[in-house]
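# A closer look at the structure
One-letter residues, chain by chain:
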Amino acid sequence: MALLEGGAFAQERLLDAAGHILHAYYKCPQVTSRLTQKAVVVTGEELLPMLEFIETLQGKLGKEATQNVFFPLYVDYMCFRTAFDQGHPPLVLVLGADLGKADLGWDCGACGFATCAEFNRYRKEHGGLGKIGAGPCCAWKNFDYGMACDYACAAASEMNVENRILGTFGLVSFALGYLDGVTAALALAVGPAVELWWYNRPSLARWRTAEHIQTLFRNNYTVHYQMFSSDLRPAVKGDGLWWERPREFGQVAPDPQYEAYKNEIQGAVFEAVLAVRPKVEALKARMEQRSKELASVPQSDSDKEKAS
Amino acid sequence: MPRIHSKEFPWFSPSDLARRQHTIQAAKLMMNAAHTAPCTGGVDHMEAELVWGEKEQEEIAQKMEELSHLPENKRTAEMYRTEAVMAREADCILLLGDTRGRNTPFDADCGYCGGPAGCAFVYSRRRTASGQIDHTDRSFAKTLIDGPLCQVHVQNLGYSAASALWIARSLLVDARPFMTVGVAAKKLGYCRASEFVVGILVAATSKNPFVDVHYDYHVVNMGRIIDSVRKNYIITRQFAPDYRLIPPEKAGKAQAVRSGDPKKEE
């Protein structure tokens, strides 16, 4: 028998947890019973290409620009990098599925097309990539994919294994080709054995200042009902076909040009007042004169009687 | 001492109702699990309704049968009819609806809804004002579900449904999600704020009512067979002599005596 160091042993046994999680993922209930789940387990140094992808971007664009490419991606990257550097890298379960084939024949319309056949035609001619995955998706297959991923999360949670499902690293694993034949991929980070590693995010404090965070909040709150989610400078929607116009971004910041414009307006207002005010003064003078004249008119006899 | 007696049959007997009450308790916990499921950005996105009772479940089942006979549902007709039986046989129905997919896309430009056009795939197919979808305009709806929907929210509803099912599994209660139940319930006014609704049938019976289902289940199922037995037995019992006048061992002879047939008398 050997004496085992607890932390290292817990780290080693993450693979056991991954196995149980994948069982739950593959056997989850489905509405369609037609979803084919795929998965790959990324362990140890196999994770490095994902981190290198962000670091390559950083080399090309600089740190600040990389943080802005897709802000939540950098937040998650730092969690991975810190865990890796501290010697307890999480496992990544890349969970994916092909949601782009409408073969149910339900013609339910949830995807936006009247029939599954129309969906498939559009998909063939116009389908493509977004920020996280490819579209369009069969809504019920997407729903089932969500169920499968949730079962994976629930399995991890039931084993009390630290975890978080990430769209960001799903995108990275999708782009780098960790999983073939899928249109959607999410990354379920499993471990490290540290309290709330993916929620407390201590690594954030190394690069996000309170001022940064306040700026993010101020920029986003100002356009809260028209913005795209949580970018450093949110893209803002508008009336009409706003998606066909050049994008507009919201920002709370000093604006000297607008400040000068405001001052110019203020000056013009003052000048206009000075120009018009003498006329009002003249009116008031005339009114005063008229009041005096009315007061000096002699009263009639009947008025005198009433007064007495 | 108060006593709770639980028994599956006869249906809707006091003992069966007691049993159903326990399933309802489980379904309430499932409902909570649906709310606490992981979701993108932690934004609340769903509503839930729990339905039980003979009349209420019958109403949903009949709506499913009605939908099964519509020409536009020809390809799903069998599903609607088969699953309508299950809606009757369930102890209760948990409905989960996605309140955001139709009206308030997640705006993450994720691409799931329509690829390169980003969120515009959804927005360009709706009437909008000030960058918002005009939720009051339902004139575009030509299908059972008024799509396109934001697929982030649709996927999130999958998480909610799975968490509910996970709790059912932990409590050893049978449960299964169905598109057909959700569509019918929505048409009846359940989960009013949602466009995409899934119905989870829940039961705690010896035989899971939602699996091992054969063809033509809508006409050959336990309820129909029992009803058929009742009908045929009632008719058949009337073709036998009265038990007080003619004991079974004399049945044939006694009948012959009365009929006056000499051969039978021997």
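See the structure shown above.
A brief structural summary. (Residues numbered from 1 in each chain as written. Chains lettered and ligands numbered in written order. Predicted model: local features only at pLDDT ≥ 70, side-chain atom pairs only at ≥ 80, totals over all residues. Heavy atoms only, no water.)

### Remarks on the overall build of chain B
The helix and strand inventory of chain B stands at nine helices and six strands. In terms of overall dimensions, chain B is more spread out than a globule: its C-alpha atoms have a radius of gyration of 26 Å, far above the 18 Å expected for 266 residues. For chain B, the C-alpha atoms occupy an extent of roughly 100 × 55 × 30 Å along the three principal directions. Counting all 266 residues of chain B, 47% fall into the buried class. Intrachain contacts of chain B at a sequence separation of at least 6 include 72% that bridge at least 24 residues. Just so you have it, chain B exposes about 14,000 Å², and 55% of that area is on carbon and sulfur atoms. Side-chain charges of chain B comprise 34 positive and 32 negative groups, with the mean position of each set lying 3 Å from the other. (Helix = DSSP H or I, 4+ residues; strand = E, 2+ residues; numbered from the N terminus. Rg over C-alpha atoms; globule rule 2.2 N^0.38 Å. Buried < 20%, exposed > 50% of the residue type's maximum accessible area, 1.4 Å probe, protein only. Contact = heavy atoms within 4.5 Å. Areas by Shrake-Rupley, 256 points an atom, 1.4 Å probe, with all protein chains shown as cover. Lys, Arg positive; Asp, Glu negative; His and termini not counted. Charge placed at Lys NZ, Arg CZ, Asp CG, Glu CD.)

### With respect to the interface of chain B and chain A
Counting from both sides, the interface comprises 54 residues of chain B and, opposite them, 58 residues of chain A. Both sides together, the interface formed by chain B and chain A hides about 4,300 Å², and carbon and sulfur atoms give 61% of it. Of all residues in chain B, B:Y112, B:Y159 and B:W166 bury the most surface against chain A, accounting for 17% of the area lost on that side. Between chain B and chain A we count three salt bridges in total. One salt bridge connects B:D107 with A:K237, and the closest N-O pair in it is separated by 2.7 Å. Linking chain B with chain A are 20 residue pairs in polar contact (both at pLDDT 80 or more). The set of elements that each furnish at least two residues to the side of chain B that touches chain A consists of α4 (120-123), β3 (128-129), α5 (151-170), β5 (174-178) and β6 (196-203) of chain B. Of the residues forming the side of chain B that touches chain A, the biggest block, 13 residues, is contributed by α5(B). (Buried area = accessible area lost by both parts, 1.4 Å probe. Salt bridge = Lys/Arg side-chain N within 4 Å of Asp/Glu carboxyl O. Polar contact = N/O pair within 3.5 Å; in protein donor to acceptor, adjacent residues only side chain to side chain.)

### Details of the nonpolar core
Of all hydrophobic cores here, the largest spans 102 residues; its most connected members are A:W140, A:F143 and B:F196. The greatest single-element share of this core, amounting to 13 residues, is contributed by helix α7 (residues 139-158) of chain A. Each residue touching A:W140, except ones within four places of it in the same chain, is listed here: A:V31, A:T32, A:L104, A:W106, A:C108, B:I145, B:M179, B:F196, B:V197 and B:V198. (Core = buried A, V, L, I, M, F, W, Y, C linked by side-chain atoms within 4.5 Å.)

### Focus on the environment of A:H224
All names here are of chain A. Mapping H224 onto the fold places it in the loop between α10 (210-222) and β7 (235-236). Accessibility expressed as a relative area gives 56% for H224, which makes it exposed. Considering only alpha carbons, one finds H224 and S296, 72 residues apart in sequence, at a separation of 66 Å.

### Details of the environment of A:Y199
With respect to the helices, strands and loops of the structure, A:Y199 is situated in helix α9 (residues 197-200). C-alpha separation for the pair A:Y199 and A:E162, spaced 37 residues apart in sequence, amounts to 9.9 Å.

### Some thoughts on the sheet that holds strand β1 (residues 37-42) of chain A
All names here are of chain A. The strand order across the open sheet built from four strands is β1-β2-β6-β5, with neighbouring strands paired in antiparallel fashion. Two strands bound the open sheet, and with one partner strand each, they are β1 and β5 (163-166). Across the sheet, the mean angle from the axis of one strand to that of its neighbour is 20°, orientation sign disregarded. Where β1 and strand β2 (residues 91-97) come together, six bridges link them in antiparallel fashion. For V42, the partnering residue across the bridge sits in β2 and is V92. (Pairing = 2+ DSSP bridges. Axes fitted to C-alpha atoms, helices over the stretch in contact; angles between N-to-C directions.)

### Section: the state of the cysteines
By definition, a disulfide links two cysteine residues through a covalent bond between their sulfur atoms. Residues and elements named next belong to chain A. The full count for this structure, using the stated rule, is zero disulfides over all chains. In this structure C79 is not part of a disulfide, and its nearest cysteine sulfur, from C153, lies 16 Å away. The buried category is assigned to C79, whose relative accessible area is 1%. Unpaired in this structure, C149 has its nearest cysteine sulfur neighbour in C153, at a distance of 6.8 Å. (Disulfide = S-S within 2.5 Å.)

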